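Per-entry structural report
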Amino acid sequence: MIEGILIGLTTALTLQNILMVMVGCFFGTIIGMLPGLGPMTAIALMIPITYGFDPATGLILMAGVYYGAVFGGSTSSILLNAPGVPGTVATSFDGYPMAQQGKAGKALAIAAWSSFAGGTLSAIYLLFMAPSLSKVSLSFRSPDYFALMILGLTAIAAFSSKGQFLKAMMMVVLGLMLASVGQDSLSDITRFTFDNMNLTDGISFVLVVMATFAMSEALTIILKRNDPTSAAKQVSLTELGSIKINKEERTKMYKTIPRSSIIGFLIGVLPGAGATIASFLAYGMERNVVNDEEKEKFGKGSVNGLSAPETANNAACSGSFVPMLTLGIPGSGTTAVMLGALLGFGVQPGPRLYMTNPEIFWSIIMSMYIGMVILLILNLPLIPYIARILAVPKNYLIPLILFFSVTGIYVMSFNNFDIYLMIGIAVVATFLRLYDFPMPPLILAFVLGGLMEENLRRSLLLSNGSWEFLWDRTLTLCILLTTILIVVWHFYKSIIRK
Amino acid sequence: MNINTTKIISLLFFIFSAFYLYTAYQIQVFAFDENAPFNARTFPIYLGYAGLFFSGLKLVLPEPNTIKVDHKNLEYKKTAILIVIAIIYGATILKIGYFLTTSLFLFSSYYFLGERRWILMFLLSFPFVAAFMYLLHGVLDIYLRDPFLQSIGVMG
């Protein structure tokens, strides 16, 4: 492991890679701050640029963007009560009231320190857990992988917003259907191309991500421009207040951060869960463990109430790298986008990544530490300046997002068919989003589609067409039982809620 | 009669899944693969049935949280204009070239979104695209076909 850490440090500490983390954190913070634009959009916009780099550098850049966007999301949550990303919704519960009391600077500083601590602690957990998990995952066979993918897709659907399970499952199926377009990987038989040569190689992952996130996000913002419920609130940037945290507040944070980081990391590790659930759970747990006097302050500007979700969402970000790097199963929609980018680099994540590409594996883990430090250095003094980006008029912002989306696709294929296809998918996605059909399950399914078919093919061929492979191995059976448990738990919760 | 749009979307998805399933059955496989436990049409067939199952359930089960979209507050006109501009952009980029089409795409998008600060609109379109193009073409070595710039002798 020491050798691996050194390899990672050597790769992560090159001038180019440090610069990439810095650029990523800065760019991510800005994108994450813009309401509606989250880490997935930020990473999607980065993918075409990363193809010019080697895989380690490209991933380091994307990891920086990820952390930056999550922190940026907190900024708009605190200043505008308009979370840039779903993972920072819980941050606004106490961050926004604090800002309204004239303590916006303090709230941003608490968020920055909590994010830093949560991220650093979870990077330490990741450092020790990832190698052992990768050893365990070496025992996985095709049926286990197939079952694991079913678990990942079911989990992301079950953990999507309230009462949306069936909608999310429909999006999963749509993602898998989109992934099935093009040549079959084994027989080279073309499927669903309708004799269009442009579809022979299938639909590009970047195209689907750009269409369903960046472009449809831009179209949604324009569409809802006059909607009073989504109108962005203005904030006086001159009233940020002091960013100093006093001793009493620090004492509260010392207790909150360790427990929230553990929750965040563990939730992040679960395929399909991610930062949103982690932050809500940490907020709920914190509310239950504090004394009655502190409990009263929740929702009115509590330090614990702000620190807990902030620590947890950053810890979950690192946690979600565990299943992605060691099993090839993304822990969140954002890591699904990164998984697609990795496959684009020709790197196959999974247990063998640890052995075949140790420099990628370790440099990502090492760059997380560096990313955390840079985020803190970058964000604390720049808080008042970064916040000004919130004032960028949408008349400029939207065309620029569209520009980056279309250019990103054009420079990959130099083909206008892809531009039309992207517009078509974006229009459908915008319409679906209006009616709360979630997009992350679609992306996760699109990324996993090929691998899922491949593992099902192997399993069925080995078992001579029998579905017994689903319960032949204890591991496969355990994973499937977990999947069933998640579905049953989801329906049980829905009934209880009614 | 108040028709639930989510149900209409589910019905459309049901029809789409049925069409997908029909197309999946039409996939031509090699003769020796016809009776194999798994061939090129196996996975799509399962997906077609899964699509029918989930959209069918959504159609049949009662809707717990009905989503109400206030269409009066939605900016359909501007959104449609932006989509049309993007389609025109796609149709002209290969013939005219990256620089001019992208600059005009940005400029017209700013205009139709209600912007009237002409100097800022110009700066954030033509020089901005030129700088971005230099980054792609000159720094990252990504070739961008541009008949317009070639015709005026700016690009080789």
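Please read these numbers as outputs of a predicted model, since none were measured by experiment.

Comments concerning the overall build of chain A
- Helix and strand content of chain A: 21 helices and 2 strands.
- With 498 residues in all, chain A has 61% of them scored as buried.
- Taking contacts inside chain A between residues at least 6 apart in sequence as the whole, the part at least 24 apart equals 79%.

Notes on the nonpolar core
- Counting residues in each nonpolar core, the largest one holds 189 residues, and the members touching the most others are Ile 43, Met 210 and Met 422 of chain A.
- Per-element tally for this core: the top contributor is helix α5 (residues 89-137) of chain A, with 19 residues.
- The two domains that each donate at least three residues to this core are domain 1 (5-68) and domain 2 (73-151) of chain B.
- If near-sequence neighbours (up to four positions away) are discounted, Ile 43 of chain A is found in contact with Met 62, Val 65, Tyr 66, Thr 334, Val 337 and Met 338 of chain A.

So, the interface of chain A and chain B
- With 49 residues of chain A in contact, the opposing surface of chain B contributes 54 residues.
- Looking at the side of chain A that touches chain B, the elements that each hand over two or more residues are α7 (165-179), α8 (205-223), α17 (394-413), α18 (416-434) and α19 (440-462) of chain A.
- Broken down by element, the residue count for the side of chain A that touches chain B peaks at 10 residues, all from α17 of chain A.

Section: the packing of helix α9 (residues 247-269) of chain A against helix α12 (residues 303-319) of chain A
Residues and elements named next belong to chain A.
- The geometry of α9 relative to α12 is characterised by a closest axis approach of 7 Å and an angle of 35 degrees between their N-to-C directions. In the crossing of α9 with α12, the sense of the turn from one axis to the other is right-handed.
- Looking at the contact of α9 with α12, its residues break down into 13 nonpolar, 12 polar and 2 charged.

Regarding the confidence of the model for chain A
- Overall, the prediction assigns chain A a mean pLDDT of 80, with 88% of residues at 70 or greater.
- Ignoring residues within four places in sequence, the model shows residues 231-238 of chain A, a span with pLDDT below 50, making 12 contacts including any to other chains.

As for the environment of Gly 408 of chain A
- Locating Gly 408 of chain A in the fold gives a position in helix α17.
- Between the C-alpha atom of Gly 408 of chain A and that of Met 372 of chain A, which follows or precedes it by 36 residues, the distance is 28 Å.

Some thoughts on the packing of α8 of chain A against α18 of chain A
Residue and element names in this part refer to chain A.
- Here α8 crosses α18 at 55 degrees, and the two axes come no closer than 7 Å. Taken together, α8 and α18 sit at an angle that is classed as oblique. In the crossing of α8 with α18, the sense of the turn from one axis to the other is right-handed. Across from Leu 207, Val 208, Met 210, Ala 211, Thr 212, Met 215, Ser 216, Leu 219, Thr 220 and Leu 223 in α8, the residues of α18 making contact are Asp 418, Leu 421, Met 422, Ile 425, Ala 426, Ala 429, Thr 430 and Arg 433.
- Tallied by class, residues from the contact of α8 with α18 come to 12 nonpolar, 4 polar and 2 charged.

Describing unusual backbone geometry
Residue and element names in this part refer to chain A.
- The phi dihedral of Phe 194 falls on the positive side, at around 50 degrees, and the residue is not glycine.
- Here Phe 194 shows up in the loop between β2 (190-191) and α8.
- The backbone phi angle of Asp 436 is positive, close to 65 degrees, even though this residue is not glycine.
- Among the structural elements, Asp 436 can be located in the loop between α18 and α19.
- For Asp 436, a count of 17 C-beta atoms within 10 Å translates into the label partly exposed.

Scoring rules and cut-offs
- Residues numbered from 1 in each chain as written.
- Chains lettered and ligands numbered in written order.
- Predicted model: local features only at pLDDT ≥ 70, side-chain atom pairs only at ≥ 80, totals over all residues.
- Helix = DSSP H or I, 4+ residues; strand = E, 2+ residues; numbered from the N terminus.
- Buried ≥ 20, exposed ≤ 12 C-beta atoms within 10 Å, placed from the backbone.
- Contact = placed C-beta atoms within 7 Å.
- Core = buried A, V, L, I, M, F, W, Y, C linked by C-beta atoms within 7 Å.
- Domains from an automatic or database assignment.
- Axes fitted to C-alpha atoms, helices over the stretch in contact; angles between N-to-C directions.
- Left-handed = near helix turned anticlockwise from the far one by under 90°.
- Nonpolar A, V, L, I, M, F, W, Y, C, P; charged D, E, K, R; others polar.
- pLDDT = per-residue confidence, 0-100.
- Parallel < 35°, antiparallel > 145°, perpendicular 65-115°, else oblique.

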